[in-house]
Amino acid sequence: MNNGLFYAVLTIIFGLVVAGIAHIIVRWLKKTASKTDSHLDDILLEALGKPLVIMILAASTYIALTHFEILPETVTGFAVDLYVNAFFILIGAWIISTFSYTLLRTYGSVIAEKTDTDFDDRLLPLLEIIARYLIWFVAFLLILANFDIDITPLLAGAGIAGLALALAAQDILSNFFGGAIITLDKPFKVGDRISFDTFFGDIVAVGPRSTRLKTLDSQIVTIPNSRITSNIVVNYAQPDFKMKVRIPFSVAYGSDMPRVKEILLGIARNAAQKTSWVLSDPAPSVYFLEFGESSLNGQLILWTNNYDNAWDVQDYVNSRIDEGFRREGIEIPFRQVDVRIRNTGGS
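Residues numbered from 1 in each chain as written. Predicted model: local features only at pLDDT ≥ 70, side-chain atom pairs only at ≥ 80, totals over all residues. Heavy atoms only, no water.

## Regarding the overall build of the protein chain
Then, number 1: Within the protein chain, the secondary structure is distributed over 10 helices and nine strands.
Then, number 2: In the protein chain, buried positions account for 31% of the 347 residues.
Then, number 3: Expressed as a percentage of contacts within the protein chain between residues at least 6 apart in sequence, the contacts between residues at least 24 apart total 65%.
Then, number 4: A total accessible area of about 22700 Å² is found for the protein chain, and carbon and sulfur atoms account for 61% of it. (Helix = DSSP H or I, 4+ residues; strand = E, 2+ residues; numbered from the N terminus. Buried < 20%, exposed > 50% of the residue type's maximum accessible area, 1.4 Å probe, protein only. Contact = heavy atoms within 4.5 Å. Areas by Shrake-Rupley, 256 points an atom, 1.4 Å probe, with all protein chains shown as cover.)

## Considering the nonpolar core
Then, number 1: In terms of nonpolar packing, the biggest core is built from 26 residues, with Val251, Val260, Leu264, Leu300, Val317, Ile321 and Phe325 touching the most fellow members.
Then, number 2: At the level of elements, β6 (243-251), α9 (257-274), β9 (296-304) and α10 (310-328) are the ones that each hand at least two residues to this core.
Then, number 3: If one sorts the elements of this core by residue count, α9 sits on top with nine residues.
Then, number 4: Each residue touching Val317, except ones within four places of it in the same chain, is listed here: Ile247, Ile267, Leu300 and Leu302.
Then, number 5: Of all hydrophobic cores here, the second largest spans 10 residues; its members include Phe188, Leu213, Val221 and Ile228. (Core = buried A, V, L, I, M, F, W, Y, C linked by side-chain atoms within 4.5 Å.)

## What to know about the environment of Ala19
Then, number 1: Along the chain, Ala19 falls in helix α1 (residues 3-33).
Then, number 2: The spacing of Ala19 and Leu57 is 38 residues in sequence and 6.4 Å in space, taken between C-alpha atoms.
Then, number 3: Not counting chain neighbours up to four residues away, the residues in contact with Ala19 comprise Val53, Ile56 and Leu57.

## Quick word on the pairing of strand β3 (residues 210-215)
Then, number 1: As paired elements, strand β2 (residues 199-206) and β3 share five bridges and run antiparallel to each other. Across the sheet, the residue bridging to Ala205 is Arg212, located in β3.
Then, number 2: If you look at the hairpin formed by β2 and β3, you'll find three residues sitting between the two strands.
Then, number 3: Linking β3 to strand β4 (residues 220-224), which pair antiparallel, is a turn of four residues; within it Ser218 sits at a positive phi near 65 degrees. (Pairing = 2+ DSSP bridges.)

## Observations regarding the side chain of Thr275
Then, number 1: Here Thr275 shows up in the loop between α9 and β7 (278-279).
Then, number 2: For Thr275, a relative accessible area of 12% corresponds to the buried category.
Then, number 3: There is a polar contact of 2.5 Å between the side chain of Thr275 and the backbone oxygen of Ala271.
Then, number 4: Of note is the side chain of Thr275, whose polar atom sits 3.4 Å from the backbone nitrogen of Val278. (Polar contact = N/O pair within 3.5 Å; in protein donor to acceptor, adjacent residues only side chain to side chain.)

## Quick notes on the pattern of salt bridges
Then, number 1: This structure, assessed with the given rule, holds seven salt bridges.
Then, number 2: A salt bridge links Asp202 to Arg193; its shortest N-O distance comes to 2.8 Å.
Then, number 3: Judged by relative accessible area, which is 8%, Arg193 ranks as buried.
Then, number 4: Between Arg259 and Glu328 there is a salt bridge, with its nearest N and O atoms 2.9 Å apart. Linking Arg259 in helix α9 with Glu328 in helix α10, this pair joins segments that are 69 residues apart in sequence.
Then, number 5: Taking the relative accessible area as the measure of exposure, Arg259 reaches 28% and is therefore partly exposed.
Then, number 6: Using a relative accessible area of 36% as the deciding quantity, one classes Glu328 as partly exposed.
Then, number 7: Salt bridges linked by common partners bring Arg193, Asp202 and Asp308 together as one network. (Salt bridge = Lys/Arg side-chain N within 4 Å of Asp/Glu carboxyl O.)

## Focus on the side chain of Asn309
Then, number 1: If you trace the backbone, Asn309 turns up in the loop between β9 and α10.
Then, number 2: Once residues within four sequence positions are removed from consideration, Asn309 is found in contact with Trp277 and Thr304.

That is the geometry; function is a separate question.
The following block contains the structure:
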């Protein structure tokens, strides 16, 4: 074995030993860093550990092959420096990508857990993907430029592809940002009862693309977020669960309206005392509103402590109104049609 080959092998062995020592030191540093309160040292060691070992091995191999005249002359004239630069670009991309991805995953999740909204929980995975793949894409462009390859057509193609992708994903993006607006603006939350378009029910989920509503018939309606942010939504759970219940009534012409009001208010006050879902504050009220075609029309207004009880209130109060009017002899008119037949024939 000639001296050049001997020193080359010795250099590679030395590189293996140094790489092994570096690996052991990095593992020891990781164990030490895991005992500290800060996560930054863990993230830094995670990003530098494996690339450092590979760099030591690659450097020892490079020195062994280029400094001891063991390669043929045709190979020594080869542009080795270009490949060395490409190698360091890849190592740098590896370190930066791992560091940024781990940093976002670690500190991003900690910050997201402390916030009341789930917008950051949705945004975090997107930022992690960008941090990982965008860095590698830039590294790829730098390697092409290192080898004097024109990257202008590639950039133009990437721009056209990005535009086409953005147009194709327009609905997806609008729904995603719609979900972000819902999270930040908080027009409703899970569990709230809303009215949207022709749908009425309770919110069961708010996702990055759509919002799911469970109707009172137990049907799930999936609504794109972009539609919700561009339309009117009525939230029955805000500012609280309290709800006004309007109960219309009609009595015949000639009825004693003051007595009708007295009966209705008595029914409402009795309902507030005997049920758990009719409120005495705000106080119930009765309004005589119009002279109808065949009746005097008005409204009894009272409040319930929860919108879920609106039908129970109407059922309870209407039943008592029917009983009270019958007992007091107050007529509830109904629509009737008189049909008269005229005899045009002779007798």
